[in-house]
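Per-entry structural report
Single-letter residue listing:
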Amino acid sequence: MIRFDNVSKRYSEGHDALVNVNFELAAGEMAFLTGHSGAGKSTLLKLIMLIERSSRGQVLIGNRVLDQVTRSQIPYLRRQIGVVFQNPHLLFDRNVFDNVALPLQIAGMSTREQGRRVRAALERVGLLSKENDSPLALSGGEQQRVGIARAIVNKPAILLADEPTGNLDPALSADIMQLFQDLNSVGVTVLIATHDIALVEQMQRRVLTLDQGRMTSSDALAEGAYT
Ligand SMILES: Nc1ncnc2c1ncn2[C@@H]1O[C@H](COP(=O)(O)OP(=O)(O)O)[C@@H](O)[C@H]1O
Ligand SMILES: [Mg+2]
């Protein structure tokens, strides 16, 4: 589903953010991406989202080689990828429903279909009863769940998260992780970047580790490891 073949990324200032990265994430898999601050986690996710382009090597999503995706094709590709950030950047002058509907409005979907999809997404994150509320009335954990609902409202095959629990306490972080597990269990391919090693260890999933731009481990979880 996602494959990196010898991918390097050098920013224009000459800094090597990723060096010869190789890994493959199968469709339906869920994995964590860890590493120190500055290790290259966000850069790796940005290459998948086509926010940045690789300097060398190839990134593939399904059988699409991202190098060959033109600018005008990027919005189409992005619709297949949901993204969750540390801060959900909700619009506080709109209610929860409208925040989640935003990607569908941009895509020009009918109001009726928007309603159906937004409510399905809100139900999945447990916030259907809050659809008319202002995001300001929600807790930090609930705001992050609205961000996740917005990320999945297009029913993407892939969900990427960049430090999604960075602003949350451990209990709320565990709730958000459970939500990612639930989404993965219905077939979504999930990749979560986080430097929270304790959280990663609790989850018992495959871990990809970056160290100064190099992937130092990308092993599939051995049967019985952690148990
Ligand atoms: N737009 C950019 N221009 C130049 N250097 C960048 C840019 N974005 C990130 N970097 C550098 O690339 C390295 C990796 O950054 P990043 O991918 O954000 O790491 P992480 O998410 O693991 O903290 C860091 O040294 C960072 O300073
Ligand atoms: Mg980062």
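In what follows, the structure referred to is the one given above.
What comes next concerns the included structure. (Residues numbered from 1 in each chain as written. Chains lettered and ligands numbered in written order. Predicted model: local features only at pLDDT ≥ 70, side-chain atom pairs only at ≥ 80, totals over all residues. Heavy atoms only, no water.)

**Considering the packing of aromatic side chains**
Rules: Between 30 and 60 degrees the pair is tilted, below 30 it is stacked and above 60 it is edge-to-face, where a pair is any two Phe, Tyr or Trp rings, Trp via its six-membered ring, whose centres lie within 6.5 Å. Counting from the N terminus, the helices are the DSSP runs of H or I reaching at least four residues and the strands are the DSSP runs of E reaching at least two.
Going through the model one piece at a time under the given rule, you end up with 1 aromatic pair. Ring geometry for Phe4 and Phe23: centres 4.8 Å apart, planes at 25 degrees, overall stacked. A residue pair is termed long-range when its members are at least 10 positions apart, and Phe4 in strand 1 (residues 2-10) and Phe23 in strand 2 (residues 16-25) qualify at 19 residues.

**Considerations on the site of ligand 1**
Using the following cut-off: The near set for a molecule or strand comprises every residue that places at least one heavy atom within 4 Å of it. Within 3.5 Å is the distance limit for a polar contact, defined as a pair of N or O atoms, with the added protein rule that one can donate a hydrogen and the other accept it, and that residues adjacent in sequence qualify only through two side-chain atoms. All accessible areas in this document rest on Shrake-Rupley with a 1.4 Å probe, and a residue is counted as covered only by the protein chains that are shown.
Ligand 1 sits among Tyr11, Glu13, His15, Ala17, His36, Ser37, Gly38, Ala39, Gly40, Lys41, Ser42 and Thr43. Within the side chain of His15, an N or O atom sits 3.0 Å from an oxygen atom of ligand 1. Here Gly38 contributes a backbone N or O atom positioned 2.6 Å from an oxygen atom of ligand 1. Protein chains shield 66% of the accessible area of ligand 1, which is 560 Å² for the free molecule.

**Overview of the packing of helix 3 (residues 96-106) against helix 5 (residues 140-152)**
Basically, it comes down to this: For helices, the fitted axis covers only the stretch in contact; all axes are lines through C-alpha atoms, and the angles between them, taken along N-to-C directions, range from 0 to 180 degrees. Each crossing is labelled by how the near helix is turned from the far one, with a counterclockwise turn of less than a right angle marking it left-handed and a clockwise turn marking it right-handed. The contact definition used throughout considers only heavy atoms, calling two residues in contact when any of these lie within 4.5 Å. Polar here means any residue outside two lists: the nonpolar Ala, Val, Leu, Ile, Met, Phe, Trp, Tyr, Cys and Pro, and the charged Asp, Glu, Lys and Arg; Gly therefore counts as polar.
Closest axis-to-axis distance for the helix 3/helix 5 pair is 7 Å, and the angle between their directions is 35 degrees. Crossing of helix 3 against helix 5: the hand is right-handed. Here Val96, Asn99, Val100 and Pro103 of helix 3 lie close against helix 5, whose contacting residues are Val146, Ala149 and Arg150. Grouping the constituent residues of the contact of helix 3 with helix 5 by class yields 5 nonpolar, 1 polar and 1 charged.

**Focus on the nonpolar core**
How we decide: To form a nonpolar core, buried Ala, Val, Leu, Ile, Met, Phe, Trp, Tyr and Cys residues must be joined to one another through side-chain atoms within 4.5 Å. Relative accessible area decides the class of each residue, using a 1.4 Å probe on protein chains only: under 20% of the type maximum gives buried, over 50% gives exposed, and in between gives partly exposed. Residue ranges assigned to each domain were obtained from an automatic or database domain assignment.
Residues Val100, Val118, Leu122, Ile148, Leu159, Phe180 and Ile192 are the most contacted members of the largest nonpolar core, which totals 36 residues. Only strand 3 (30-34), helix 3, helix 4 (111-124), helix 5, strand 7 (158-162), helix 6 (170-185), strand 8 (189-193) and helix 7 (197-203) provide two or more residues apiece to this core. Counting residues domain by domain, this core receives three or more from each of domain 1 (1-80 + 156-227) and domain 2 (92-155). Residues contacting Val100, with those up to four places away along its chain left out, are Val118, Ala121, Leu122, Val146, Ala149, Arg150 and Val153. Among the nonpolar cores identified, the runner-up in size contains 30 residues, and Phe4, Val7, Ile48 and Leu77 belong to it.

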